[in-house]
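Chain by chain, the residues run as shown.
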Amino acid sequence: MMLAPHALFLRRWLLQEGTRLFRRKASGSMVLTATLRLPSHANIERDLVRTSNVEYFSTSCVNCAKSRELKGKRDISEKKLTRYFVDHRRVSLTGGKGGKGASTFHSEPRKEFGGPDGGNGGDGGTIIIKVDQQIKSLSLVEPLYHGMDGESGGSKNCYGRNAAHTYIRVPLGTIVKEDGTVVADLSKHGQEYVAAFGGTGGKGNRFFLSNENRAPTKATPGEHGQERVLQLELRTMAHAGMVGFPNAGKSSLLRAISNAKPAVAAYPFTTLNPHVGIVQYQDHEQVAVADIPGIIQGAHRNRGLGISFLRHIERCRFLLFVLDLSGPDPWAQLQDLRFELEQYETGLSKRPQAIVGNKIDLPEARANLSALQSRVPQRIIPVSALTGHNVEELILHLRELYDGYLQTEESAGGQPVRW
């Protein structure tokens, strides 16, 4: 009697599974031995024996083995980074409503006139804006928030539970504005700002008990929460800010001195959002360097990317002016950059700074470097972000600026920002 095809397949599968129970290693290879024999027709046994003849096979072959190398992290394009980085939000906030009071009377055997025992309602939830150092963008902030409502009061003088607070976590350097006026400057980790108060819970009839009114039936509902519309603006909290014209090589330089991976391309305005890179030192100090998008002439008048990114420079403790030495008149670039910063905020261009001449690997940059040194009395650090030439000197000078910032803050009694 011949078996159906599916029955034959089942027998073969059972035999193959049985062979896996008897394995032993032999000189780097695996030998499979099968001892299962199923009673069946002669033809079926012949097929089963044919399938049980498993030969040696190697598991150490490089071509057969699966690659276990760790894949490198892919660079995110600037288009995708634009979705993740958000530096301003308009938020509508409504505090939670308070719970309503209860109007009840106590009643039990042998106590006919127990009196009012309605409890008060719980307070509504408050909305609080809290600084979290781990968050770097306002992309997680929702446009609408409503606090939780308080619990209503109950009988037997049971008060309603107060609603839990709602926390909105924002990064360091967030400015809270209302109708264009700054109401909070959140620049410390864990700092909180009460954005919308919750409503007060209603009163139960027990609250209105008096000698004149021994059986009050009045109970008040809970109050509505506070309603506000706030504007959140993020100003990057970095120690150093790289300032330069478009296509000056700021993103490439940030890649050279830190582990940041901003988008790099051979066209202007490659960077559309600020990027922060961390420079690591052997004594475990970390200096945060921000790559500010390119500034053009008239940026203080909101031309180009304009004021929306000039405000990120306000929080930088010292500046790095990145000049393109391959272009004509690099000293004119420095003057224009200082002029734009001074027009935006008085004294911004006079902060501790360093002048970095990029693209020194190009032939025309060497001639411009000598001309720039003759016109500018300050120290100029020539580097090449492409080849890594003289990058170590920039990192050491960056640490000198950072140490000077720490000494200035500590002598003034302030608390320096550490990344």
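Just so it is clear, the structure is predicted and the values come from calculations on it, not from any experiment.

Q: Help me understand the sheet that holds strand β11 (residues 227-234) in this model?
A: Strand pairs in the sheet, formed through backbone hydrogen bonds, run parallel or antiparallel to each other. With mixed pairing, 5 strands are arranged side by side in an open sheet as β6-β4-β11-β8-β9. Unpaired on one side and paired on the other, β6 (144-146) and β9 (181-186) mark the two borders of the sheet. Neighbour to neighbour, the strand axes of the sheet diverge by 25° on average, direction disregarded. Of the pairings in the sheet, the one linking strand β4 (residues 88-94) to β6 comprises 3 bridges and is parallel in character. Looking at β6, one finds that Ser92 is bridged to Leu144.

Q: What am I meant to see in helix α7 (residues 363-375) here?
A: One turn of the α-helix equals 3.6 residues, which is why residues spaced by three or four share an orientation. Listed as buried for α7 are Ala365, Asn368, Leu369 and Leu372. Down the axis, α7 shows its buried residues gathered within 115° of arc, on one side only. α7 presents Pro363, Arg366 and Ser374 as exposed residues on the side facing more than 90 degrees away from its buried surface. Against the buried residues of α7 lie β15 (318-324), α6 (330-344) and β17 (380-382).

Q: Would you mind going over the pairing of β9 with me for this structure?
A: Successive residues of a regular strand alternate their side chains across the two faces of the sheet. Across 5 bridges, the pairing between strand β8 (residues 174-178) and β9 is antiparallel. From the neighbouring strand, Ile175 faces β9, where its bridge partner is Asp185. Here β8 hands over to β9 after 2 residues, with Asp179 in that stretch at a positive phi of 55°.

Q: Looking at this structure, I do not really get the packing of helix α4 (residues 250-257) against helix α8 (residues 391-411). What am I missing?
A: For any two helices packed against each other, one specifies the crossing angle of their axes together with the interaxial distance. Between α4 and α8, the least distance of the axes is 10 Å, while the angle of their chain directions is 80°. In terms of axis orientation, α4 runs roughly perpendicular to α8. On α8, the residues touching Leu253, Ala256 and Ile257 of α4 are Val391, Leu394 and Ile395. Taken together, the residues that form the contact of α4 with α8 break down as 6 nonpolar, no polar and no charged.

Basis of the calculations
- Residues numbered from 1 in each chain as written.
- Predicted model: local features only at pLDDT ≥ 70, side-chain atom pairs only at ≥ 80, totals over all residues.
- Heavy atoms only, no water.
- Pairing = 2+ DSSP bridges.
- Helix = DSSP H or I, 4+ residues; strand = E, 2+ residues; numbered from the N terminus.
- Axes fitted to C-alpha atoms, helices over the stretch in contact; angles between N-to-C directions.
- Buried < 20%, exposed > 50% of the residue type's maximum accessible area, 1.4 Å probe, protein only.
- Arc of directions from axis to C-beta.
- Contact = heavy atoms within 4.5 Å.
- Parallel < 35°, antiparallel > 145°, perpendicular 65-115°, else oblique.
- Nonpolar A, V, L, I, M, F, W, Y, C, P; charged D, E, K, R; others polar.

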